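Read off the chains here:
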Amino acid sequence: MKIVWIDPGHGGKDPGAVANSLREKDIALIVSLGVKQRLEAEYEGVQVHLSRSTDVFLELKERTEAANKAGADLLVSIHCNAGGGAGGFESFRYTGVSAASRSLQNVLHTEIMAAIKTFGVIDRGQKAANLHMCRESKMPAVLTENLFIDVASDAAKLKRQEVIEALIAGHVSGIAKYLGLKRKEGKPMTKERDINVVSSWAAPAWEAATKNGYFDGTRPGAPITREEAAVLIMRLENKK
Ligand SMILES: [Zn+2]
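Rules used throughout
- Residues numbered from 1 in each chain as written.
- Predicted model: local features only at pLDDT ≥ 70, side-chain atom pairs only at ≥ 80, totals over all residues.
- Heavy atoms only, no water.
- Donors = N, O, S within 2.8 Å, 3.2 Å for Na, K, Ca; no water.
- Helix = DSSP H or I, 4+ residues; strand = E, 2+ residues; numbered from the N terminus.
- Core = buried A, V, L, I, M, F, W, Y, C linked by side-chain atoms within 4.5 Å.
- Buried < 20%, exposed > 50% of the residue type's maximum accessible area, 1.4 Å probe, protein only.
- Expected span 1.5 Å × (residues − 1).
- Contact = heavy atoms within 4.5 Å.
- Axes fitted to C-alpha atoms, helices over the stretch in contact; angles between N-to-C directions.
- Parallel < 35°, antiparallel > 145°, perpendicular 65-115°, else oblique.
- Left-handed = near helix turned anticlockwise from the far one by under 90°.
- Nonpolar A, V, L, I, M, F, W, Y, C, P; charged D, E, K, R; others polar.
- Domains from an automatic or database assignment.
- Pairing = 2+ DSSP bridges.

- Per an unreviewed UniProt entry, the protein chain goes by the name Cell wall hydrolase and belongs to Paenibacillus campinasensis.

Comments concerning the coordination of the zinc ion
And then number 1: All of the protein donors around the zinc ion are His10 (NE2), Glu24 (OE) and His79 (ND1); their distances to the metal are 2.1 to 2.2 Å.
And then number 2: Between the donor residues of the zinc ion, the gaps in sequence give the motif H-x13-E-x54-H. Placement of His10 in the loop between β1 (2-8) and β2 (18-19) and of His79 in strand β5 (residues 74-81) is noted, with a sequence separation of 69 residues between them.

Describing the nonpolar core
And then number 1: With 43 residues, the main nonpolar core has Val4, Ile6, Val35, Leu39, Ile116, Leu158 and Ile175 as its most contacted residues.
And then number 2: For this core, the secondary-structure elements that each account for two or more residues are β1, α1 (24-42), β4 (46-50), β5, α3 (99-116), β8 (141-148), α5 (152-158) and α6 (161-179).
And then number 3: Here this core takes nine residues from α6, the largest share from any one element.

Some details on α6
And then number 1: Taking 1.5 Å of rise per residue, 19 residues should cover 27 Å, and α6 covers 27 Å from first to last C-alpha, within 8% of that figure.
And then number 2: Looking at α6, one finds that the buried residues are Val163, Ile164, Ala166, Leu167, Ile168, Gly170, His171, Val172, Gly174, Ile175, Ala176 and Leu179.
And then number 3: Residues of α6 that are buried in the fold lie against β1, α1, β5, α3, β8 and α5.
And then number 4: Remark: Gly180 follows α6 within two positions and exhibits a positive phi of approximately 65 degrees.

Focus on the packing of α1 against α6
Geometry of a packed helix pair, given as the angle between the helix axes and the separation of the axes.
And then number 1: α6 packs onto α1 with a crossing angle of 50 degrees between their chain directions and a minimal axis gap of 9 Å. As the angle between them shows, α1 and α6 are arranged oblique. As α1 runs across α6, the sense of the crossing is right-handed. Mapping the contact onto sequence places Ile27, Ile30, Val31, Gly34, Val35, Arg38 and Leu39 in α1 and Ile164, Glu165, Ile168, Ala169, His171, Val172, Ile175 and Ala176 in α6.
And then number 2: Considering only residue class, the contact of α1 with α6 consists of eleven nonpolar, two polar and two charged.

Things to note about the environment of Gly34
And then number 1: Here Gly34 is to be found in helix α1.
And then number 2: For the pair Gly34 and Ser199, spaced 165 residues apart in sequence, the C-alpha to C-alpha distance is 8.4 Å.
And then number 3: Beyond its immediate sequence surroundings of up to four residues, Gly34 is in contact with Ile168 and Ser200.

A look at the domain arrangement of the protein chain
And then number 1: Its domain assignment divides the protein chain into domain 1 (2-179) and domain 2 (200-239).
And then number 2: Taken over C-alpha atoms, the centre of domain 1 sits 29 Å from the centre of domain 2.

Section: the sheet that holds strand β6 (residues 89-93)
And then number 1: Read from one edge to the other, the open sheet built from six strands follows the order β4-β1-β5-β8-β6-β7, with strand pairing classed as mixed. Bordering the open sheet on either side are β4 and β7 (123-128), each of which pairs with just one other strand. For this sheet, the mean inter-axis angle between neighbouring strands, taken without regard to orientation, is 20 degrees.
And then number 2: Here β6 runs beside β7; their pairing, made up of five bridges, is parallel. By the bridge assignment for β7, Phe92 is matched with Lys127.
And then number 3: Packed onto the sheet, α3 meets β5, β6, β7 and β8 and runs at close to 170 degrees relative to β6.

Given below as structure tokens:
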């Protein structure tokens, strides 16, 4: 059994980058939950552990200590970038790093870019830096910077479900390739969904929308009719 450690960046009192009505901690969690769900559903012999599965604060040290203690086979720390400019995707390994980490970075970076380049995401390249998450992890470790929260064109992409799905798919494919995981047999690529179960990437938004009274909290996966959309618009208008 391979153990994959996924580290959703930030959380709780630390939102990470905040701009364009997006918070880095939310995107990191949504992508991380999606990676766990898909890896375990589609591949044999793999277990995914998360540093956090809710909106809580953790010190960096707590994250790497937990991953080291679990004896994880690899670690991926999932973040979004900020700092303006043209935006894009980049990945980091530690500066004084092993061949294994280089190889993990290469396959992960390549698979993620292959999944998102159709959306016009800029490839900022494979980089090395002295980052705690990569330095203190005993296993091969890479940190991904998934687009720029504060660059309007990137933020618009991060608000699209298909871009989030592509980021998840790229991470899943890269990890599976690196570990040589075997796809589960007889498992169709797209299985019929249960409309009563909320998708992990939508869970925080669904919870908020239900709490605000926009939806009644039932059947998150059902299609919406024009009359239901009209009721939703009315509720939004009344809330102003
Ligand atoms: Zn970050």
